[in-house]
Structure formats: structure tokens, C-alpha cells
Amino acid sequence: MDNQERERVQIFDTTLRDGEQAPGIALDPDKKVEIAHQLARLGVDVIEAGFPVSSPGDFEAVRRIAAEVHGPVIAALARAEEDDIDRAWQALAPAERSRIHIFLATSPIHMEHKLRMSPEEVLTAVKRSVGRAAEYTAVEYSPEDATRSDPDFVVAACRAAVDVGATTINIPDTVGYATPFEYAKLIERVVTEVKEGREDVVISTHCHNDLGLAVANSLAAVHAGARQVEGAINGIGERAGNTSTEEIIMALKVRSDVFGVELGVTTEEIYESSRLVSERTGYPVQFNKAVVGRNAFAHESGIHQHGVLRRRETYEIMDPTSVGFAGSSLVMGKHSGRAAFRHALDRLGVELGNGAFDKAFSRMKQVADHSGEVSDAQLMTIVDEVVAGTEILQGVADSFR
Ligand code: KIV
Ligand code: ZN
């Protein structure tokens, strides 16, 4: 598909709002501002900086980000209440471009047990609150728990929001309940029945990962016409988290043949964004996490290592440098082969004759059986002992246990 035909998908990053709602995370304003600058370097389209009415610290963080961070739209969350909306606007006022994000649930369970409101009261509150916010700035409306709501009512609430000025309609899978097929169907309906004829209205996704489907659901939604995706770096967020911003970016990039959309991000900033968020939140990144885990571009088995040494693309679908990694890594372990072992020795500047190479290789396997991954330091110890001709290698494996 020609680049000019491609529509733009906006990346709305909510690391600093929904991401921060993950149990145990509390980011002070300094940390939020630091992360927001990194998100701007990453080139996300929208930064949801916080929920100003929720605490003085969050108000200050949103206000400072609005004043100091340039490039992305700065968004703030608000319930459908006057106080929330006015506080959000006070915090956002210094921003070059701002957005108030109003949420009000549409599912029977939320309306009955949480809000204690009838559907008619919800529609009235949507109109009142979105209308008020639209007098200040751009407005996004989210029918919270949309995927457990009556689709007719979701459409009615979204239409009501658009009628009074909302230009982004976000469809939250608040509890991570949807499957890709169902979510795409709902998005398709909203695109057809709410956006139709409104060039200025964007339909957005917001998925949670309770069933591990957040990224899949978001992608299905893009396929169905959504043009904004909400996510958080490293997938942090309430419970099992949000759609992972870096995964959605790379899925849309790597499989642009399937999705045919454009993004405005600088993917080389992904790894630094992940590292910073992990460090400031204290949430580690799992080793095998897609795109940013330490094993995302690491190869241990001999067959894969051999392939990657001949041509990286045999076992990699992304260039590690395209997401900010230094490069692929070949890890020495029990599954590693001779080609990768030789490569590791070359990298360490070690040359061994055939006999010594064989000895060192079999010692490496013995050590790997005990320690899993064999570090460069361990490799050098093995080499030293082989070169020194010491036949007391038996001790090596024991010492690494
Ligand atoms: O998950 C959710 O429904 C939310 C809303 C506030 C958009 O985070
Ligand atoms: Zn959420």
C-alpha cells in the first residue's frame, strides 16, 4: 500500500494515569515529568498525564507536564462531574494542546451498583459533562465497561457525547473481558453509527489484559477502523495491566502489510522508555516480555544461533536496533552450538587450536548444565584452565553451582 494512502493511528499513552494505577506504584511529580519528557521523545501523540482531582500531587504533575512537555497533546482524566472537569482544565491550561478525558460507565452492573444511576441519568450526565468540558478544550469520552454494556446503549451514549462536542470516542474493555472478534464488532458498530460523516471524530481503543488479550483486542480494533490506541509502557496498569504501548507500536510497524496504517513514533526510543518506566515504578520487566524483555533478541539454542550468525532475519522479525537495543545477543548455554561458541570466543579475542577448542566446548556444556547461562567471565575461566592445561577442570563446574 502506498504511504500516501495510509491513515494515521494515534498512540495515546496512559502510563502516567492508568499505568500508575497498578498496585504499589506512586509516581511523584518529578518522576512523572521525567517520564513525560521520554514519552515526548518516543513521539506518542497523546500523554495522559494524570487524574488532577485525585490528589494535589497529581494536579501538580499534570500542570507541570502541561507547561514543560512539548509535542504531544496532554490529557487529563475526569469523572462526569463539574469539580473534576474544572480541576482537569486548571491543570491543563498551560498546555499547547490539551484534552479532557471524561469517563462514565454504561454497563448495567456499573450503572446499578457503582453509579446508582439509570441509563437516562447517564445520558444526561454525559451531555452535561462533555458539554462543559468542550467549552474549555478538546474532549474524549469513554463509556466505561463498554464491552459488558448493551451495544445500543454504548452507541447512544457516544452519540450524545459527540453531539455536545466530544471528538474522541474511546471504547474501554475495562475488565479485559472482550475477545478480539467481539471487540472488533463493537468498534465496527461505533465507527459506523457514531463516526460516520464526522471526519473530526476518532474512535479509540482502551484494553485491559486480564485474559492476556489486550494487544490482540487493540489490533482487532485497528483492523475494524479505530484510529487511536491507548496503552501503557511495559503494559503496566490496573490488575493485569493495559495494552503495552511498545507491543502495539511494533505490531503495527512490523505488520504494516496487514494493518496499512502510519505511526508518528520514533521506535528507537522504545527501549529507553521501558527501562525508565521500570526503574521509576519499581516494576521489573519480565525476561521474555515481547519487544523490551532482556531475552527479546537473545538466542541460546545452537540451531537458532547458527541461523542468526548467518543471517539475523532467520530468527528475528525486528532489528533490535530499531527499538533501541544494542543488537542481538547469543547466550551460551546447554543448547548452544559450536558456531556460537566460536563466535563468543572471537568476541572475547580468544583463539584456540582444535583440541583445546573441543575441550573448552565440552567444559562449557558441563558448566551450562549447572548454571544455565554461561557468562563471559565463566568462559574466560574455562579458556584459562584449558590453555593452562590443568586437568583439574572438574572443580570448575562445582565452583559455579
Ligand atoms: O479501563 C477503563 O475503563 C479506564 C477508563 C477511565 C477509560 O481506564
Ligand atoms: Zn483502564
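Parameters and conventions
Residues numbered from 1 in each chain as written. Chains lettered and ligands numbered in written order. Predicted model: local features only at pLDDT ≥ 70, side-chain atom pairs only at ≥ 80, totals over all residues. Heavy atoms only, no water. Buried < 20%, exposed > 50% of the residue type's maximum accessible area, 1.4 Å probe, protein only. Helix = DSSP H or I, 4+ residues; strand = E, 2+ residues; numbered from the N terminus. Pairing = 2+ DSSP bridges. Right-handed = clockwise from strand over helix to strand, strands pointing away. Disulfide = S-S within 2.5 Å. Axes fitted to C-alpha atoms, helices over the stretch in contact; angles between N-to-C directions. Contact = heavy atoms within 4.5 Å. Phe/Tyr/Trp six-rings, centres within 6.5 Å; stacked < 30°, edge-to-face > 60°. Lys NZ or Arg CZ within 6 Å of the ring centre and 35° of its normal.

### Let's talk about the pairing of strand β6 (residues 138-142)
And step 1. Of all 5 residues that make up β6, 4 are buried, and the element is covered over most of its length.
And step 2. For strand β5 (residues 98-103) and β6, the ladder comprises 5 bridges, and the chain directions are parallel. Directly across from Ile 102, in β6, lies its bridge partner Tyr 141.
And step 3. Looking at chain direction, β6 and strand β7 (residues 168-173) are connected through 2 bridges and run parallel. Following the sheet pairing, Tyr 141 is matched in β7 by Ile 169.
And step 4. Crossover β6 to β7 through helix α6 (residues 151-163) is right-handed.

### Considerations on the state of the cysteines
And step 1. As enumerated under the stated definition, the model contains 0 disulfides in all.
And step 2. Left unpaired, Cys 158 is separated from the closest cysteine sulfur, that of Cys 207, by 14 Å.
And step 3. By relative accessible area, which is 0% here, Cys 158 ends up buried.

### Some thoughts on the sheet that holds β6
And step 1. Ordered in space as β2-β3-β4-β5-β6-β7-β8-β9, the 8 strands form a closed barrel in which the pairing is parallel. Neighbouring strand axes in the sheet, compared pairwise and without regard to direction, differ in orientation by 25° on average.
And step 2. Packed onto the sheet, helix α2 (residues 56-68) meets β3 (46-50) and β4 (73-79) and runs at close to 150° relative to β3.
And step 3. Strands β4 and β5 of the sheet are contacted by helix α3 (residues 82-92), whose axis makes an angle of about 160° with β4.

### Remarks on unusual backbone geometry
And step 1. Its identity as a non-glycine residue notwithstanding, Asp 145 has a phi of 60°, on the positive side.
And step 2. Following the sequence through the fold, Asp 145 ends up in the loop between β6 and α6.
And step 3. A residue is classified by how much of its surface remains accessible, and Asp 145, at 0% relative accessible area, is buried.
And step 4. Even without being a glycine, Arg 239 presents a positive backbone phi close to 50°.
And step 5. By the secondary structure assignment, Arg 239 is in the loop between β9 (228-231) and α9 (245-254).

### Considerations on the packing of aromatic side chains
And step 1. Per the counting criterion, the structure on display carries 7 aromatic pairs.
And step 2. For the ring pair Trp 89 and Tyr 136, a centre distance of 5.6 Å and an interplane angle of 10° mean the geometry is stacked. On the criterion of sequence distance, the pair formed by Trp 89 in helix α3 and Tyr 136 in the loop between α5 (119-134) and β6 is long-range, its members being 47 residues apart.
And step 3. By relative accessible area, Trp 89 is classed as partly exposed at 24%.
And step 4. Ring centres of Phe 297 and Phe 325 lie 5.0 Å apart, and the angle between their planes is 65°; on these two criteria the pair is classed as edge-to-face. Placement of Phe 297 in the loop between α11 (270-281) and β11 (298-299) and of Phe 325 in the loop between α12 (302-310) and β12 (329-330) is noted, with a sequence separation of 28 residues between them. We note that Phe 297, like Phe 325, is buried.
And step 5. A connected cluster of aromatic rings, assembled from ring pairs, spans Tyr 271, Phe 297 and Phe 325.
And step 6. Taking the ring centre of Phe 357 as reference, the NZ or CZ of Arg 342 above it sits at 3.9 Å.

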